[in-house]
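Results of the structural survey
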Amino acid sequence: MLKEERHRTILNEVDLHNRILLTDIAEALDVSIDTIRRDVKELDAEKKLRKVHGGAISMGFMSNSARNTNIYKLDQKMAIASKAISLLKDGAVIFIDGGTTCLEMARIIPENLNLTCFTISLPVAMELSNKKNINVISIGGQIAKEGQIAIGANAIHHLSEIRFDYSFIGTGYVDAIYGLTEFDWDIVQIKKAVIKASKKTVLLSISEKLNSQHRYKTCDINSINTMITELKPENSLLNAFKNHDIKII
């Protein structure tokens, strides 16, 4: 495989999943870790991604309260966020996850809606703090620097003492058979705690992530009450998920 082809594959994977491991890409492309490490170093120098220990993260994932125009498939994520807003009710207690799609949701919550919103995400908390009718509660813990979210025992303990009406979460990978998975064990533990603390859990995912999986399992697909993609519910790409007891929007 030519270097240009490897670079395209690396960038597509890091944009789609926000973060990648060098070992995964090397295995998928059947090349050495050293080759992928050099590729990632070059892409980092070109400011097309950010090299981190053992992997890489997308430029769009390193977001804050300022508008980030580097977000992958932004139009699709905005469409998902708009659908998610339709589930919000005045006075609700909700949770919003970290990640670019959840941040888009936080941006467009109507100013006149009264909500109590918990989050582990620093960018989401900052975005919501600009809305006068939303009571924002940041769940503390060790900060994962790449995703700017709280992880670890403290965050899990705080989540165990809350009951959300709705939680809105993202995922790295989703499959009708294998459910939600991630490559990061710490992230999985946080998501498990969020799902356990929620009356209803809503998954926000672009369709490009459908039928993908990784090594650590967050939950079965039936643990999700609602799945929102940018697609219309009748789209054939969603057929495998229609066999499960989840609502598709």
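Just above sits the structure.
Everything quoted here is computed from the prediction, not taken from an experiment. (Residues numbered from 1 in each chain as written. Predicted model: local features only at pLDDT ≥ 70, side-chain atom pairs only at ≥ 80, totals over all residues. Heavy atoms only, no water.)

What to know about the nonpolar core
Nonpolar side chains in soluble globular proteins generally cluster together in the buried interior. Among the nonpolar cores identified, the biggest contains 33 residues, and Phe 95, Ile 139, Leu 159, Ile 169, Leu 180 and Phe 241 are the most heavily contacted of them. Of the residues forming this core, the biggest block, 5 residues, is contributed by helix α8 (residues 185-196). For Phe 95, the residues in contact, after removing those within four places along its chain, are Phe 118, Thr 119, Ile 120, Ile 139, Leu 159, Phe 164, Tyr 166, Ser 167, Phe 168, Ile 169 and Val 194. In this structure, Ala 81, Ile 109, Ile 134 and Val 202 belong to the second largest nonpolar core, which totals 29 residues. (Core = buried A, V, L, I, M, F, W, Y, C linked by side-chain atoms within 4.5 Å. Buried < 20%, exposed > 50% of the residue type's maximum accessible area, 1.4 Å probe, protein only. Helix = DSSP H or I, 4+ residues; strand = E, 2+ residues; numbered from the N terminus. Contact = heavy atoms within 4.5 Å.)

Focus on the packing of helix α1 (residues 3-17) against helix α3 (residues 33-45)
Where α1 meets α3, the closest approach of the two axes is 10 Å, and the angle between their N-to-C directions is 75°. Looking at the two axes, α1 sits roughly perpendicular to α3. For the pair α1 and α3, the contacting residues are Lys 3, Arg 6, His 7, Ile 10 and Leu 11 in the first and Thr 35, Ile 36, Asp 39, Val 40, Glu 42 and Leu 43 in the second. Residues belonging to the contact of α1 with α3 are distributed by class as follows: 5 nonpolar, 2 polar and 4 charged. (Axes fitted to C-alpha atoms, helices over the stretch in contact; angles between N-to-C directions. Parallel < 35°, antiparallel > 145°, perpendicular 65-115°, else oblique. Nonpolar A, V, L, I, M, F, W, Y, C, P; charged D, E, K, R; others polar.)

Side note on the pattern of salt bridges
Within this structure, the stated rule accounts for 13 salt bridges. Put simply, Glu 208 and Lys 73 hold a salt bridge, and the shortest N to O gap is 2.7 Å. Here Glu 208 is found in the loop between β12 (198-204) and β13 (216-219), whereas its partner Lys 73 is found in the loop between β3 (55-58) and α4 (74-85), with 135 residues between them in sequence. In this structure, a network of salt bridges that share partners links the residues Glu 104, Arg 107 and Glu 127. (Salt bridge = Lys/Arg side-chain N within 4 Å of Asp/Glu carboxyl O.)

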